[in-house]
Number of protein chains: 2
Amino acid sequence: MPFVFDFDHAHARPPMELKDLLGGKGANLAEMTSVLGLPVPPGFTISTEACRAAMSGGWPDGLSAEVDRARARLERTMGKRIGAASDPLLVSVRSGAKFSMPGMMDTVLNLGLNDESVLGLARQTADERFAFDSYRRFVAMYARIVLGIPGDEFDSLLEAAKELARTTSDAGIPTELLRYLVDAYKQIVERHTGAPFPQDPGDQLRGAIEAVFASWSGPRAIAYRVRERISHDLGTAVNVQAMVFGNRDDASGTGVGFTRDPATGAKGAYGDFLVNAQGEDVVAGIRNTEPLSALGTRFPGIYDELLEIFARLESHYRDMCDTEFTIEQGKLWMLQTRVGKRTGRAALRMAVEMTTDPAIRLTKAEAVARVTGDHLDQVLHPQFSTTGHTVLTTGLGASPGAAVGRVYLTADDAQAAAERGEKVVLVRSETSPEDVHGMLAAEGILTARGGLVSHAAVVARGWGKPAVVGAEAVRVGKGSFSVGGIVVREGEWISLDGTTGTVVLGQVEVSRGKTPKEFDTILQWADAIRRGHLGVRANADNGPDAANARRLGAEGIGLCRTEHMFLGEDRLPVVRRMILAATPDDEADALEELRRVQKADFEEILEAMDGLPVTVRLLDPPLHEFLPDTQELAIKEATVGLTPEEHRLFEAAKDWHELNPMLGTRGVRLGVIKPGLYAMQVRALMEAALARVAAGGRPMVEIMIPLTISREELALARSWVEGAVAATLDAAASKAGKGGKGRKGRPAADRGRLQVTIGTMIETPRAALRAAEIAEFADFFSFGTNDLTQMTFGFSRDDVEGRMMAAYLEAGLLPRNPFEVVDADGVGELVRMGVERGRATRPDLKVGVCGEHGGDPESIATFAAAGLDYVSCSPFRIPIARLAAAQAVLGAEPVPSAEPVPPTGKAAGKAAGKRAAATTAAAKRTPAKRAAAKRAPAKRAASR
Amino acid sequence: MPFVFDFDHAHARPPMELKDLLGGKGANLAEMTSVLGLPVPPGFTISTEACRAAMSGGWPDGLSAEVDRARARLERTMGKRIGAASDPLLVSVRSGAKFSMPGMMDTVLNLGLNDESVLGLARQTADERFAFDSYRRFVAMYARIVLGIPGDEFDSLLEAAKELARTTSDAGIPTELLRYLVDAYKQIVERHTGAPFPQDPGDQLRGAIEAVFASWSGPRAIAYRVRERISHDLGTAVNVQAMVFGNRDDASGTGVGFTRDPATGAKGAYGDFLVNAQGEDVVAGIRNTEPLSALGTRFPGIYDELLEIFARLESHYRDMCDTEFTIEQGKLWMLQTRVGKRTGRAALRMAVEMTTDPAIRLTKAEAVARVTGDHLDQVLHPQFSTTGHTVLTTGLGASPGAAVGRVYLTADDAQAAAERGEKVVLVRSETSPEDVHGMLAAEGILTARGGLVSHAAVVARGWGKPAVVGAEAVRVGKGSFSVGGIVVREGEWISLDGTTGTVVLGQVEVSRGKTPKEFDTILQWADAIRRGHLGVRANADNGPDAANARRLGAEGIGLCRTEHMFLGEDRLPVVRRMILAATPDDEADALEELRRVQKADFEEILEAMDGLPVTVRLLDPPLHEFLPDTQELAIKEATVGLTPEEHRLFEAAKDWHELNPMLGTRGVRLGVIKPGLYAMQVRALMEAALARVAAGGRPMVEIMIPLTISREELALARSWVEGAVAATLDAAASKAGKGGKGRKGRPAADRGRLQVTIGTMIETPRAALRAAEIAEFADFFSFGTNDLTQMTFGFSRDDVEGRMMAAYLEAGLLPRNPFEVVDADGVGELVRMGVERGRATRPDLKVGVCGEHGGDPESIATFAAAGLDYVSCSPFRIPIARLAAAQAVLGAEPVPSAEPVPPTGKAAGKAAGKRAAATTAAAKRTPAKRAAAKRAPAKRAASR
């Protein structure tokens, strides 16, 4: 396979499918040239394979010879020679990776100019000024990019020349000064490199190509790829193309054009245009551009030609295209095209409208595949409605949307201010379960520490509250916080954007558009595709969240965490009494009080999700989370002393203190130590369910045991749950007075209307390994992939998400943060193993996932391939999960946001085919599973 | 299959192989009756199967009928009827599980007595007193055991009767008072149960059988099984046997006899004997027994008969037997036999001597299988040489042996006292790496907190120092510690036994016998069996330990932890300087200083292990372990204030603080954050190796990267190591001046004499799952099963080993503490997976284990079955590991200490056959592996 391909190379497949090899730009240039026959300046592409070879082993053997031959072909085609003294050919050398990385990588224009060819250019164009201005620009650009010389020396000379010429614009510099500048620039180069500026065009070309290769590994490019989840292994292609000049005269110009409006999605050409200018001038924003439509009056023939090209591009790519074009002395040249980026609103509108556009005729499945989670996010969350604010600091965008409020630094103050009617932003070093009332009261949350799965981030996402976490420059003090030298006092206004992680001082205007009608259309189509394959549930812990989740399309609750029910102001003291209890009676009293309050919580949730399954996880966190911090109390003890009550709490906190709480007495282990706890929770839940039945509801209760490690443990926990379920039902029956005690006494009507199943989380590696045994006592599994990730990697998310994860991602040691995107190879294997082994024991086993990954599109694809029945995620992620689930069913790969959608049609069909292996297994399994479930509706319904 | 078997039942296999079914006692009674034809009182055994059925579903169908038929057969054989008014038959009802559980379960004697048969017994024996004394004992025993009535009411009536009769012995109570007592006892029963004492022998029998079944699940029995690692699922058999009476007259008696001396192993009958007494009297120790040899003068005929029986038993069981016998009016009856328990010294002597005993002729393999790790432990460690001390408190016996010393409560004080020449016991709440100098100075260590793999336990075992940990009653204060009301001040003497966990106030005399010659003989035989299959290496971190390990038979070092090299008094300040370094230069300076001191450490170790492989693990623990405790500094800051130096350390400690350090920035992650660290360690190691080569040594260096999670990470870490290795070798070469720089310049002689390989620990679940990829960059794997257990279960060993592990073991949720015995199902599957996947990539991959499990016999069997090349353990466990490795190769199951050895010969052969599946795989793999290694000695020797 050669390293170099001309734009008109006869590829065996359409070039636009060869982005892996040619990069995005090169593939589309070849498509326009060889398939569509559009007017594209000729050139050739050096493949990504050459870049990869150069990265691993230096400049590849044979590449020089191939470049020389391609250059000779290009010169023959153009009838000109690069670097020739008369009528010289100039070329551009541009990067072009598989995924667009705007502004991240290097470009060299006007390559081929030297001391001789500049004269040829002057003669040929009869424009000496143009020739020397081009040479000046080329020397500076080449020096900076290829030779690594700082640009400021060139800039200060340029400024001096303008001062000398008494002008403020580059165009005002006279030719003789430009000649002088070229000489001065070359001297700068010689001083830095110890050699004259390279005059040989072959040397210039090799230098430029090497510089583009090297820019792939530049720090900005690496950082961009980390953020956009693009693999560091891909490498970039390099496009060498004959230059055309939009800045020759007033019959020349340059512009960018979209085949539809990328902001609104409206049909019709859209773009910007500049007469007598080069491409950079449009982007740089120095001159005011004219709208594309102005072309119609200035160059009507060319405008018609462009509109025709736009129509051909849309019907060929079957999508909105983004183009760059140049007019050189009355001739139109297409310099680039690609499927265009778009806003969320535009993406939705285009996807829906293109299903009825006769030139495109998207299928509904294709329309669904065109929209990304980020698109939905944009239309769902409020955004800053103005731009250009001075940024105070930046952290991790942990929960999307914009929030504006007055700064408060403690949860109590935040709550008090909110009760006074103020809008509040809670600012903390980090949050803990003791801060939840303040978080609930706040419009948004800002923390100095913690990563995307820190307490603040998880809770904020769960509630759909904007949050910026890990803003490391923030120092929280008493009554104020500071960033560098700036101090922000309690009560001052700040604004934050939880999508981008930006924090702004003062009040920024926020807009929340209504979701467009296409939002619902696309999600309905998505639901039609995924139903029967992959369900979507919500993680929700209270009635309002549950109701909201249902409105957003949740088909039940996959995770109701009960720990929040222990943290209310009225409950924490009771929980502490339970922990401190000196006698079993004291403990039972406290549990009884908790049971009464929790019943109401459960009732609200079951009501909101009536007729849909609600998975309730019994208490999971270690008990010391409900006790005060030992260090604070230790300091207080050593200074002002402790009250007797504090002393007791201190002793208990020390007693329950753990060195590694994540691996300590949590989950079902709590149950083993304090069995009354789980029985209390189950009783509260069952009483709530019975109240719902009495009110005519149809509660579907799924009781879930956390952190299981073995069959024996689950069997024991199941026995407590079954005992408490039976006790509650019996008590209710005898209270109803219908025939006294015993199961037979329960009203028959209840039995049909109340469904109770008992299952477990699979969140330790051992549980996944021993799933066959564990399934003997589980009606369902729910993978807790947060914990499973922690234990499989040996990563405490609280500890590694800071400097360590950053170092790992930058070094390419991890392709993604495994707490954001599930690790398909390691954790994914345990999930697949757990599903297979569990279903081997119990073919009708219902299996879902309730970790944070349940709302991540790429992870959803992994789960779908593993044969899961449903995913569960934060209410605000539900629309995204519905879409991603449909895309997973379609076998479409989620695409990085930098390159919104892959071309569909034939190409997409093939790509989907390649991935069939994974998803066919899932699709095939589903009908069999459902049939099995019909044959034996083997729910071990505890209510039987 | 029936539930009930007569002692003379014609089993298809020798009954002594049927302990699973008949229990140990029942199997041996049947063997003596049906195979050896010895004089055994007739009876029958109710199988363990019946017990298991009763535990899960209540009294089994059909069992009553079977018991009735067996009882009828027994009555026909004896010519007497149970409960008959004339010449009644009495029976004993005894438990008998597969493994002996002495004193843990219930027995009922004299069953069959009632108001009528007591008169028959009186008539038949012409001894009314005897009859009523038997009846009184029976009622009290039955009431307590079967009916659950507290024994003290009976005891106080008995005391009253003695007072009335003005006697102090039971035998002094006259018959009429015994009659009165029987009546009073029956009234107690009626008051408690509301029903008369059961007169029907069938009811009595069923009650007794049910009570024995139930005693299997009694709390004492459960606790015993947890300690002795016996499965709760086995159940017990029940033996019903005709009573014989050694207390009839002076021609009667009872005794226990051993066929050899169980204390020394000396050949010849050995035991105790009492005239006119029942078995209980011998055990109770109320009357002084006579030595067995006295039987020769009192009952010469019976003595000869007994010696002949002993000889037959030894040649039949091919082992030392332990017997109980009774003489009733001049006739000898054998009541029980079993393979006898023995001391370590006796076990070794017997095993060796029996290979040349013509009646037994053990093979060497059988002899090796006869000895347990506990036996070796007993002869290796010093022991209290006297007994009966008042125990101050008891903790976990964490490191075996006895230690006596003065109490010191801080490491500094302990060290200072030791330097003054005092013998010291260090007492701490718990220990940390900062205490190691005090631990090193101490004779023994006592901690109040922590489990068997706590810091104190692991370090103490590593050094072979006696330690008792987790002695929860100990409260450590300032200048003293207390247990309950007893205060022990600094400088006072205590003694501790790290085998039993006992702590005694004052100085107890300690004996350390020399290891007997049979110790070396058995280990040489064991080595001959295991060599070429399973190697044994040591975990050792310094020269003396390495030398000691080599003396004890280690074939290299499997784990040299380098963290101890950072903790010396002269090093910790330098390590802190490295952590605090403000500039790269400061960091490099500190690293350079550490390199110099570490070189000497490595040199000592390599010298001690010259010619054998030494696996050096690069730094593993999180950096905050080298910083002071944040809470202490926080208190100091809040009270007396901090010095500037302390302030800097406090900031650093907060910066490096982690919520779950076990899952934090440790192992290779440290290397990613501070790459200079690993390069420094490798340079120090390589310089040491070169110094050894220069001194004529043959160092074999294996550099090990800890905590790997992926191929990419190991590839990067390997590149650092290879870089540092090459740099050191190049520097040495150019210093040597032989042709300047570059690899070619190195003296050729060095290359052959210095072997360097690079590998990784497999201690995260992900590493095991991704072993195929990871093996691409590893010359060897070493399983770190401590961490692998932590992550697979989600157990922090520091946090769960206290109340949680105790609760889990007692509830039967875990069969063993998985930090003591590797979890063969879960962690074991990951080990097997890691070995298979790693070898699929690299067939010659060397694989070992270096967790604490490497010294546990049962775990060694699991590792052998997984195909590991070697295990590595603390130097003091080396002999045990050598033995266990040989036993694993033989396919012998390690036996619980309660039942020292299974019968060998035919039985052992068959048992070994059953287990062949597991071990054959290992055995088969080994030769292939070695052949592969020969074909391609593909060590990626970094020294090449």
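Residues numbered from 1 in each chain as written. Chains lettered and ligands numbered in written order. Predicted model: local features only at pLDDT ≥ 70, side-chain atom pairs only at ≥ 80, totals over all residues. Heavy atoms only, no water.

**Remarks on the overall build of chain A**
Phase 1 of the analysis: The helix and strand tally for chain A stands at 38 helices and 33 strands.
Phase 2 of the analysis: The C-alpha radius of gyration computed for chain A amounts to 33 Å, which stays within 12% of the reference 30 Å derived for 944 residues, consistent with globular compactness.
Phase 3 of the analysis: Seen along its three principal axes, the alpha-carbon backbone of chain A occupies a region of about 110 × 70 × 50 Å.
Phase 4 of the analysis: Counting every position in chain A, which comprises 944 residues, the buried fraction comes to 58%.
Phase 5 of the analysis: Here the analysis covers contacts within chain A between residues at least 6 apart in sequence; of these, 69% occur between residues at least 24 apart.
Phase 6 of the analysis: For chain A, the exposed area adds up to about 36,100 Å²; of that, 51% sits on carbon and sulfur atoms.
Phase 7 of the analysis: One finds the centroid of the 113 positive side-chain charges in chain A at a distance of 7 Å from the centroid of its 122 negative side-chain charges. (Helix = DSSP H or I, 4+ residues; strand = E, 2+ residues; numbered from the N terminus. Rg over C-alpha atoms; globule rule 2.2 N^0.38 Å. Buried < 20%, exposed > 50% of the residue type's maximum accessible area, 1.4 Å probe, protein only. Contact = heavy atoms within 4.5 Å. Areas by Shrake-Rupley, 256 points an atom, 1.4 Å probe, with all protein chains shown as cover. Lys, Arg positive; Asp, Glu negative; His and termini not counted. Charge placed at Lys NZ, Arg CZ, Asp CG, Glu CD.)

**Observations regarding the interface of chain A and chain B**
Phase 1 of the analysis: Counting residues at the interface gives 54 residues for chain A and 54 residues for chain B.
Phase 2 of the analysis: The largest share of the area that chain A buries against chain B comes from Leu-663, Arg-803 and Leu-813 of chain A, three residues that together contribute 14% of it.
Phase 3 of the analysis: Our enumeration of links across chain A and chain B arrives at 6 salt bridges.
Phase 4 of the analysis: The partner of Arg-766 of chain B in a salt bridge is Asp-823 of chain A, and the shortest N-O contact between them spans 2.7 Å. (Buried area = accessible area lost by both parts, 1.4 Å probe. Salt bridge = Lys/Arg side-chain N within 4 Å of Asp/Glu carboxyl O.)

**Quick word on the packing of helix 22 (residues 584–608) of chain B against helix 26 (residues 675–694) of chain B**
Residues and elements named next belong to chain B.
Phase 1 of the analysis: Running from N to C, helix 22 and helix 26 point in directions that differ by 45 degrees, and their axes come no closer than 8 Å. Classed by the angle they form, the pair helix 22 and helix 26 counts as oblique. Crossing handedness for the pair helix 22 and helix 26: right-handed. Across the interface between the two elements, Leu-591, Glu-592, Leu-594, Arg-595, Gln-598, Lys-599, Phe-602, Glu-603, Leu-606 and Glu-607 from helix 22 touch Gly-676, Leu-677, Met-680, Gln-681, Arg-683, Ala-684, Leu-685, Glu-687, Ala-688, Ala-689, Ala-691 and Arg-692 from helix 26. (Axes fitted to C-alpha atoms, helices over the stretch in contact; angles between N-to-C directions. Parallel < 35°, antiparallel > 145°, perpendicular 65-115°, else oblique. Left-handed = near helix turned anticlockwise from the far one by under 90°.)

**Quick notes on the environment of Ala-277 of chain B**
All names here are of chain B.
Phase 1 of the analysis: Relative to the assigned elements, Ala-277 resides in the loop between strand 9 (267–275) and helix 10 (279–284).
Phase 2 of the analysis: With a relative accessible area of 0%, Ala-277 lands in the buried category.
Phase 3 of the analysis: Between the alpha carbons of Ala-277 and Gly-421 there is a distance of 56 Å; along the sequence they are 144 residues apart.

**Considerations on helix 6 (residues 152–164) of chain A**
All names here are of chain A.
Phase 1 of the analysis: In a regular helix each residue adds 1.5 Å, so 13 residues correspond to 18 Å; helix 6 covers 18 Å between its end C-alpha atoms and thus fits that length.
Phase 2 of the analysis: Within the span of helix 6, buried status applies to Phe-154, Leu-158, Ala-161 and Lys-162. Mapping the buried residues of helix 6 onto a view down its axis gives an arc of 100 degrees, with all of them on the same face. Residues of helix 6 that are exposed and point over 90 degrees away from its buried face: Asp-152, Glu-163 and Leu-164.
Phase 3 of the analysis: Its buried side turned inward, helix 6 meets helix 5 (128–145) and helix 7 (175–193).
Phase 4 of the analysis: Backbone geometry just downstream of helix 6 places Arg-166 in the positive-phi region, at approximately 45 degrees. (Expected span 1.5 Å × (residues − 1). Arc of directions from axis to C-beta.)

**Focus on the pairing of strand 16 (residues 402–408) of chain A**
All names here are of chain A.
Phase 1 of the analysis: Counting buried positions over the 7 residues of strand 16 gives 6, a clear majority of the element.
Phase 2 of the analysis: Bridge analysis of strand 16 against strand 23 (residues 493–497) gives 5 bridges, and the strand direction is antiparallel. Paired with Val-404 across the bridge in strand 23 is Ser-495.
Phase 3 of the analysis: Note: strand 16 against strand 17 (residues 424–428), 3 bridges, orientation parallel. Within the sheet, the bridge partner assigned to Val-407 lies in strand 17 and is Val-425.
Phase 4 of the analysis: Crossover handedness for the path strand 16 to helix 16 (residues 411–419) to strand 17: right-handed. (Pairing = 2+ DSSP bridges. Right-handed = clockwise from strand over helix to strand, strands pointing away.)

**Description of the relation of the copies chain A and chain B**
Phase 1 of the analysis: Here chain A sits on chain B after a turn of 179 degrees about the axis and a move of 0.3 Å along it, with an RMSD of 0.4 Å. In the structure described here, the two chain copies are related by an operation that fits a two-fold rotation axis.
Phase 2 of the analysis: Taken as a fraction of all interface residues of chain A, those also at the interface in chain B reach 100%, which identifies the copy contact as same-surface. (Least-squares fit on C-alpha atoms with pLDDT ≥ 70 in both.)

**Here we look at the pairing of strand 29 (residues 700–705) of chain A**
Residue and element names in this part refer to chain A.
Phase 1 of the analysis: The element strand 29 is extensively covered by neighbouring structure, given that 5 of its 6 residues are classed as buried.
Phase 2 of the analysis: In the sheet, strand 28 (residues 613–617) pairs with strand 29 via 5 bridges, with the strands oriented parallel. By the bridge assignment for strand 29, Arg-617 is matched with Met-704.
Phase 3 of the analysis: In this sheet, strand 30 (residues 755–762) lies alongside strand 29 in parallel orientation, the contact comprising 6 bridges. When the sheet's bridge partners are listed, Val-701 is paired in strand 30 with Val-756.

**Some thoughts on a negative patch on the surface**
Phase 1 of the analysis: Residues Asp-412, Asp-413, Glu-419, Glu-490 and Glu-569 of chain A make up a contiguous surface patch of negative charge.
Phase 2 of the analysis: Inspection of the secondary structure assignment puts Glu-569 of chain A in the loop between strand 27 (557–561) and helix 21 (572–580). (Patch = residues over 30% accessible without salt bridge, like charges linked within 9 Å, V, L, I, M, F, W, Y side chains within 5 Å.)

**Remarks on the environment of Thr-343 of chain B**
Residue and element names in this part refer to chain B.
Phase 1 of the analysis: Its location among the elements puts Thr-343 in the loop between strand 12 (331–339) and helix 13 (344–354).
Phase 2 of the analysis: Residues contacting Thr-343, with those up to four places away along its chain left out, are Pro-262, Ala-263, His-375 and Gln-378.
Phase 3 of the analysis: Of the polar contacts made by the side chain of Thr-343, one reaches the backbone oxygen of Ala-263; its length is 2.7 Å. (Polar contact = N/O pair within 3.5 Å; in protein donor to acceptor, adjacent residues only side chain to side chain.)

**Description of the sheet that holds strand 16 of chain A**
All names here are of chain A.
Phase 1 of the analysis: The strand order across the open sheet formed by 8 strands is 14-24-23-16-17-18-19-15, and the pairing between neighbours is mixed. Each end of this open sheet is capped by a strand with a single partner; those strands are strand 14 (391–394) and strand 15 (396–399). The sheet shows a mean angle of 30 degrees between the axes of neighbouring strands, direction not considered.
Phase 2 of the analysis: Of the strand pairs in this sheet, strand 15 and strand 19 (residues 467–469) are connected by 3 bridges, and their pairing is antiparallel. Note that in strand 19 the partner of Gly-397 across the bridge is Val-468.
Phase 3 of the analysis: Lying over the sheet, helix 16 contacts strand 16 and strand 17, oriented at roughly 175 degrees with respect to strand 17.

**Points about helix 1 (residues 19–35) of chain A**
Count 3.6 residues to each turn of an α-helix, and residues three or four apart come out pointing the same way.
All names here are of chain A.
Phase 1 of the analysis: Between its first and last C-alpha, helix 1 extends only 15 Å over 17 residues, short of the 24 Å set by a 1.5 Å rise per residue.
Phase 2 of the analysis: At Lys-25, helix 1 is bent by approximately 80 degrees, the largest bend along its length.
Phase 3 of the analysis: At the exit of helix 1 stands Gly-37, carrying a positive phi of roughly 60 degrees. (Bend = angle between axes of the 7 residues up to and from the residue.)

**Topic: unusual backbone geometry**
Phase 1 of the analysis: Even without being a glycine, Arg-166 of chain A presents a positive backbone phi close to 45 degrees.
Phase 2 of the analysis: With respect to the helices and strands, the residue Arg-166 of chain A is situated in the loop between helix 6 and helix 7.

**Here we look at the side chain of Glu-702 of chain A**
All names here are of chain A.
Phase 1 of the analysis: The topology assignment puts Glu-702 in strand 29.
Phase 2 of the analysis: Given a relative accessible area of 4%, Glu-702 falls into the buried group.
Phase 3 of the analysis: Engagement of the side chain of Glu-702 in a polar contact is seen with the side chain of Lys-846, the distance being 2.6 Å.
Phase 4 of the analysis: Dropping the residues within four chain positions of it, Glu-702 is found in contact with Arg-537, Pro-613, Val-614, Thr-615, Val-616, Thr-757, Phe-780 and Lys-846.

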